[in-house]
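Chain and residue survey
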Amino acid sequence: MADITPPGMTNNQATAAADVFFLYPTIYYSEKSDDQWNAPVDDPAFNKRVDESTIKYQASIFNGAGKVYAPRYRQAHINAYGEKDKVMAKQIFDFAYEDLKNAFEYYLEHYNQGRPIIIAAHSQGTTHGIRLVKDYFDGKPLQEQLIAAYLVGIPVAKNQYENIPVCETAKQTGCFCTWRTFKDGHMPESFVSPDIAVTNPLTWKTSTERAPKELNTGGVLKNINKVKKKLTTAQIVATKGILWAAKPKFFGSIFLRTKNYHIADYNFYYNNVRENAIDRVEAFQSNN
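What comes next is a walk through the structure. Note that the structure is predicted; figures quoted are calculated from it, not measured.

**Quick notes on the overall build of the protein chain**
Each helix and strand in the protein chain was counted, giving 5 helices and 8 strands. Of the regular secondary structure in the protein chain, the N- to C-terminal order runs β-α-β-α-β-α-β-β-β-β-β-α-α. Expected size for 288 residues packed as a compact globule is a radius of gyration near 19 Å; at 18 Å, the protein chain falls within 12% of this value. In terms of overall dimensions, the protein chain has C-alpha extents of about 45 × 45 × 40 Å along its principal axes. Considering the protein chain as a whole, with its 288 residues, one finds that 52% of them fall into the buried category. Across the protein chain, contacts joining residues at least 24 apart in sequence account for 76% of those joining residues at least 6 apart. Accessible surface computed for the protein chain: about 13,100 Å², of which carbon and sulfur atoms make up 50%. In the protein chain, 34 positive and 30 negative side-chain charges are present, and the distance between their average locations comes to 10 Å.

In structure tokens form, the structure reads like this:
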């Protein structure tokens, strides 16, 4: 379903010179049995939820820049993030990561053929994406094929990698972008630090000036066929390692009730991310 595109945008997967390996966020949040901590990927109902949510509204962002691979995996249940038994929690996430690791190795062996790669992830996908980039790219031969990693929705330290820096410009390659979105003025109490990297998805810089909504070329959330320009702003709060966005008027009441815009980390900036991925692919090709 990553071939879906909003009106006026083009699916370039058939002719793309690059690949995108997309790691989707937590969709496994329904009731579970005591021992079913990892999602059943052979469950048609669960897979339908994945396809009609994150694949449709997030993975589709990248089909203008590359051929999208989005492997199913036995992801951790949402409650694993708050599990008090840290040893068990680690086992749950390790189990999920092993699926993605195996999928990535299969992709490398059967599909990549030396093509440049974008890693794109959100939320739990980023939890695993941080590890994937470390294990396969950071200081490894495959780093030469890395266009960029979009590690969104989970805190990523500025010094997370020895050889892969935070992206500082819109066309920089071999780097990573990351942000977590909250309502203007909100200061979350947990998982905040000046050591957390943040990229502004409207300017693609790490400086703290406010990017006005006029730079927002289109957000998408409830309806993939409706793109709203000038949807919201973006401003890095460096002391907290977060991104502020003005409350949008377009997407309805959900954003009247919450100050945490995590669900829309990508979709507030859908077209900006799409355009940026295309720009980075072109920059990579020009430099290689």
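**Observations concerning the sheet that holds strand β3 (residues 117–122)**
A sheet is described by the order of its strands in space; here 5 strands give the open sequence β2-β1-β3-β4-β5, paired in parallel fashion. The sheet terminates laterally at β2 (67–69) and β5 (175–177), the two strands that pair on one side only. If you compare each strand with its neighbour and ignore which way they point, the axes differ by 20° on average. With 6 bridges connecting them, β3 and strand β4 (residues 146–152) associate as parallel partners. Within the sheet, the bridge partner assigned to His-122 lies in β4 and is Val-152. Contacts from helix α2 (residues 86–112) reach β1 (19–23), β2 and β3 within the one sheet, and its direction differs from that of β1 by about 165°.

**Overview of helix α3 (residues 124–136)**
Helix length check: α3 (13 residues) gives 18 Å between terminal C-alpha atoms against 18 Å at 1.5 Å per residue, within 8%. Those residues of α3 not exposed but buried are Gln-124, Gly-125, Thr-126, His-128, Gly-129, Ile-130, Leu-132, Val-133 and Tyr-136. If you follow the buried residues of α3, they end up packed against β1, α2, β3 and β4.

**Here's the deal with the packing of aromatic side chains**
Using the criterion set out here, one finds 19 aromatic pairs in the structure. Consider the rings of Phe-104 and Phe-137, whose centres lie 5.9 Å apart with planes at 50°: the pair is tilted. Here Phe-137 lies in the loop between α3 and β4 and Phe-104 lies in helix α2, a separation of 33 residues in the sequence. A single burial state applies to Phe-104 and to Phe-137, both of which are buried. Ring geometry for Phe-268 versus Tyr-269: centroids 6.1 Å apart, planes at 85°, classification edge-to-face. On the accessibility criterion, Tyr-269 (0% relative accessible area) is buried. Feature note: the residues Phe-21, Tyr-69, Phe-104, Tyr-106, Tyr-107, Tyr-111, Tyr-136 and Phe-137 constitute an aromatic cluster, connected by ring pairs.

Parameters at a glance
Residues numbered from 1 in each chain as written. Predicted model: local features only at pLDDT ≥ 70, side-chain atom pairs only at ≥ 80, totals over all residues. Heavy atoms only, no water. Helix = DSSP H or I, 4+ residues; strand = E, 2+ residues; numbered from the N terminus. Rg over C-alpha atoms; globule rule 2.2 N^0.38 Å. Buried < 20%, exposed > 50% of the residue type's maximum accessible area, 1.4 Å probe, protein only. Contact = heavy atoms within 4.5 Å. Areas by Shrake-Rupley, 256 points an atom, 1.4 Å probe, with all protein chains shown as cover. Lys, Arg positive; Asp, Glu negative; His and termini not counted. Charge placed at Lys NZ, Arg CZ, Asp CG, Glu CD. Pairing = 2+ DSSP bridges. Axes fitted to C-alpha atoms, helices over the stretch in contact; angles between N-to-C directions. Expected span 1.5 Å × (residues − 1). Phe/Tyr/Trp six-rings, centres within 6.5 Å; stacked < 30°, edge-to-face > 60°.

These results come straight from atomic positions and should not be treated as a statement about function.
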